[in-house]
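# Notes for the structure review
Chain by chain, the residues run as shown.
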Amino acid sequence: MKQRMIVLIGAPGSGKSAIGKSVAEFSDTTYISSGDIARALGDTTTKRNLAKGGMAHESKMRETVHYMLSVNKHWDTVLDGFPRTSDQRQWLEDCFDDQYDIKYVEVDASLNTCMRRLKARHRSDDNISVILKRYEHYINHTIDMIDSITDRIILYNDNITVEQATMAIARRCMGDE
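These notes cover the structure that comes with them. (Residues numbered from 1 in each chain as written. Predicted model: local features only at pLDDT ≥ 70, side-chain atom pairs only at ≥ 80, totals over all residues. Heavy atoms only, no water.)

### Some thoughts on the environment of Ile37
As a reminder of what qualifies: Labels follow the DSSP assignment, with helices taken as runs of H or I lasting at least four residues and strands as runs of E lasting at least two, numbered in each case from the N terminus. Here, two residues are considered to be in contact whenever any of their heavy atoms come within 4.5 Å of each other.
Take Ile37: it is sitting in helix 2 (residues 34–40). With 23 residues separating them in the primary sequence, Ile37 and Lys60 have C-alpha atoms 9.3 Å apart. Contacts of Ile37, omitting those with residues within four sequence positions, involve Ile32, Met61, Thr64, Val65 and Met68.

### As for the packing of aromatic side chains
For clarity, the cut-off: Any pair of Phe, Tyr and Trp rings, taking the six-membered ring for Trp, is counted once the centres come within 6.5 Å. Such a pair is stacked with planes under 30 degrees apart, edge-to-face with planes over 60 apart, and tilted for the rest. Relative accessibility thresholds used throughout: buried, under 20% of the residue-type maximum; exposed, over 50%; partly exposed, between the two (1.4 Å probe, protein chains only). Lysine and arginine charges are scored as sitting over a ring when NZ or CZ, respectively, is within 6 Å of the ring centre and within 35 degrees of the ring normal.
Counted under the stated rule, the structure contains four aromatic pairs. Seen from their ring centres, Tyr135 and Tyr138 are 5.7 Å apart, and the 45° between their planes marks the pair as tilted. In this pair, Tyr135 and Tyr138 are both assigned in helix 7 (residues 128–147), three residues apart and thus about one turn of the helix distant. Since its relative accessible area comes to 7%, Tyr138 is described here as buried. A connected cluster of aromatic rings, assembled from ring pairs, spans Phe82, Trp91, Phe96 and Tyr100. Residue placement shows Arg89 over the ring face of Tyr104; its charged tip is 5.4 Å from the ring centre.

### Side note on the packing of helix 6 (residues 111–121) against helix 7
Between two packed helices, what matters for the description is the angle formed by their axes and the separation of those axes. In plain terms, the rule: Inter-axis angles, ranging from 0 to 180 degrees, are taken between N-to-C directions of lines fitted to C-alpha atoms, where helices are fitted over the stretch in contact. Any angle from 65 to 115 degrees is called roughly perpendicular, while one under 35 is roughly parallel, one over 145 is roughly antiparallel, and all others are oblique. The crossing is said to be left-handed when, going from far helix to near helix, the turn is anticlockwise and less than a right angle, and right-handed when the turn is clockwise. Any residue outside Ala, Val, Leu, Ile, Met, Phe, Trp, Tyr, Cys, Pro, Asp, Glu, Lys and Arg is labelled polar, Gly included; the first ten of those are nonpolar and the last four are charged.
At a closest axis distance of 11 Å, the pairing of helix 6 and helix 7 adopts a crossing angle of 135°. Between helix 6 and helix 7, the angle is such that the two are oblique. Like other packed secondary-structure pairs, helix 6 and helix 7 cross with a definite hand, here right-handed. Where helix 6 approaches helix 7, its residues Leu111, Met115, Leu118, Lys119 and Arg121 are matched on the opposing element by Ile128, Ile131, Leu132, Arg134 and Tyr135. Taken together, the residues of the contact of helix 6 with helix 7 break down into seven nonpolar, no polar and three charged.

### A closer look at the state of the cysteines
To keep it simple, the criterion reads: Note on terminology: pairs of cysteine sulfur atoms within 2.5 Å are recorded as disulfides.
Counted according to the given criterion, the structure contains zero disulfides. With no disulfide of its own, Cys114 has Cys173 as its nearest cysteine by sulfur position, at a separation of 20 Å.

### Quick look at the nonpolar core
Cut-off, in case you're wondering: Buried Ala, Val, Leu, Ile, Met, Phe, Trp, Tyr and Cys residues that are joined via side-chain atoms within 4.5 Å together make up what is termed a nonpolar core.
Among the nonpolar cores identified, the biggest contains 27 residues, and Met5, Val7, Leu69, Leu79 and Leu92 are the most heavily contacted of them. Those elements that provide at least two residues to this core are strand 1 (3–10), helix 2, helix 4 (58–71), helix 5 (86–96), strand 4 (100–108) and helix 7. Ignoring sequence-local partners within four residues, the contact set of Leu92 consists of Met5, Val7, Leu69, Leu79, Pro83, Asp97 and Tyr104. Of all hydrophobic cores here, the second largest spans 15 residues; its members include Val23, Ala24, Ala165 and Cys173.

Spelled out as structure tokens, the structure:
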């Protein structure tokens, strides 16, 4: 039997991480954050790129995501923020479709909500110019990929709590009540 993988996709600040951690805790699954991976890569080029609103190096991200999913292949997994492009999605499915039943959840929130949440985090890379650059990447690269996933679950996260989002995902993706 395949393990379940819940892939959370959405704009920066849409609530993916808060929801992902909550779903993982509620369902006793592994939580993997692409943002945590990118920040942990540690090399100077990646840190400088992230500080300017860029993305981590593609091959390093894929290598690390592959390793983490392979190590956790016997457990259900919540994957937060990866894939961000159609090429990444194809790679993920090519590598893991035989091991995981992949469910995509689009975490949708307004730009105002995303900006408010990101500013409230007080992280050094959450200044206005960086936030807007990350949001521009989302608009230019991720939205088309999301729209191509016809069987995705769309979760509107402007006016619901993390607990409500967790319960909705658990019911629809994991069959938990």
